[in-house]
Amino acid sequence: EVQLVESGGGLVQPGGSMRLSCAASGFTFSRYYMSWVRQAPGKGLEWVSNVNFGGDNTYYADSVKGRFTISRDNAKNTLYLQMNSLQPEDTALYYCARAEGGWGPPGPYWGQGTQVTVSS
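Thresholds, definitions, all that
Residues numbered from 1 in each chain as written. Predicted model: local features only at pLDDT ≥ 70, side-chain atom pairs only at ≥ 80, totals over all residues. Heavy atoms only, no water. Helix = DSSP H or I, 4+ residues; strand = E, 2+ residues; numbered from the N terminus. Rg over C-alpha atoms; globule rule 2.2 N^0.38 Å. Pairing = 2+ DSSP bridges. Axes fitted to C-alpha atoms, helices over the stretch in contact; angles between N-to-C directions. Core = buried A, V, L, I, M, F, W, Y, C linked by side-chain atoms within 4.5 Å. Buried < 20%, exposed > 50% of the residue type's maximum accessible area, 1.4 Å probe, protein only. Contact = heavy atoms within 4.5 Å. Salt bridge = Lys/Arg side-chain N within 4 Å of Asp/Glu carboxyl O.

What follows covers the overall build of the protein chain. Scanning the protein chain for helices and strands turns up zero helices and 11 strands. In sequence order, the protein chain lays out its α and β elements as β-β-β-β-β-β-β-β-β-β-β. Taking 14 Å as the expected radius of gyration for a compact globule of 120 residues, we find that the protein chain reaches 13 Å, a close match to that expectation. Each of the three principal axes of the protein chain carries a C-alpha extent, and together these read 40 × 25 × 25 Å.

Taken together, the four strands give an open sheet; going across it, the order is 1-3-8-7, and neighbouring strands pair in antiparallel fashion. In this open sheet, the two edge strands, each paired with only one partner strand, are strand 1 (3–7) and strand 7 (68–73). When strand polarity is set aside, the average angle formed by the axes of neighbouring strands in this sheet is 15 degrees. Bridging between strand 1 and strand 3 (residues 18–25) involves five bridges; their strand directions are antiparallel.

Let us look at the nonpolar core. Here is a general trend for soluble globular proteins: nonpolar side chains tend to be buried in one another's company. Formed by 27 residues in total, the largest nonpolar core has its most connected members in Leu20, Trp36, Phe68, Leu79, Leu81, Met83 and Tyr94. At the level of elements, strand 3, strand 4 (34–39), strand 5 (45–51), strand 7, strand 8 (78–83), strand 9 (92–99) and strand 11 (114–118) are the ones that each hand at least two residues to this core. Per-element accounting of this core gives the leading share, four residues, to strand 3. Once residues within four sequence positions are removed from consideration, Met83 is found in contact with Gly16, Ser17, Met18, Leu20, Arg67, Phe68, Tyr94 and Val116.

Our next topic: the environment of Gly10. The topology assignment puts Gly10 in strand 2 (residues 10–12). Residue class for Gly10 comes out partly exposed when judged on its relative accessible area of 25%. Between the C-alpha atoms of Gly10 and Ser35, which are 25 residues apart in sequence, the distance is 20 Å. Other than its neighbours up to four places away in sequence, Gly10 contacts Met18, Gln115, Val116 and Thr117.

By the definition in use, this model includes five salt bridges. Note that Lys65 is salt-bridged to Asp62, the shortest N-O span being 3.4 Å. Comparing Lys65 with Asp62 shows no difference in burial state: the two are exposed. Note that Asp90 is salt-bridged to Arg67, the shortest N-O span being 2.8 Å. Here the residue Asp90 occupies a position in the loop between strand 8 and strand 9, and Arg67 occupies one in the loop between strand 6 (58–60) and strand 7, the gap between them amounting to 23 residues. Each member of the salt-bridge network shares a partner with another, and the members are Arg38, Glu46, Arg67 and Asp90.

And the structure:
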């Protein structure tokens, strides 16, 4: 079965950094584009970033561009999101998801999410 498990979230101060991880299993990780999506309290889902098979092509939402970096380690079946210069507006539940058609939207396979809270 396909499983995606996020970790690394928690409380961080404004201006701080945090790295999220997503452990994948149950499928050939290297053959799928991957995404990060987030949901702030009381708001809808917001796409954050996508990465291709090899990790050499990436796309970011304007709100995180220049601050966040998506990457992957196919040997470890793990997706990462390095978050720098965090702001209170970044507070959200962060999900990793498997993209079913290249740069298209995520499909039905998502992780359970990891909470990121940016506060002093």
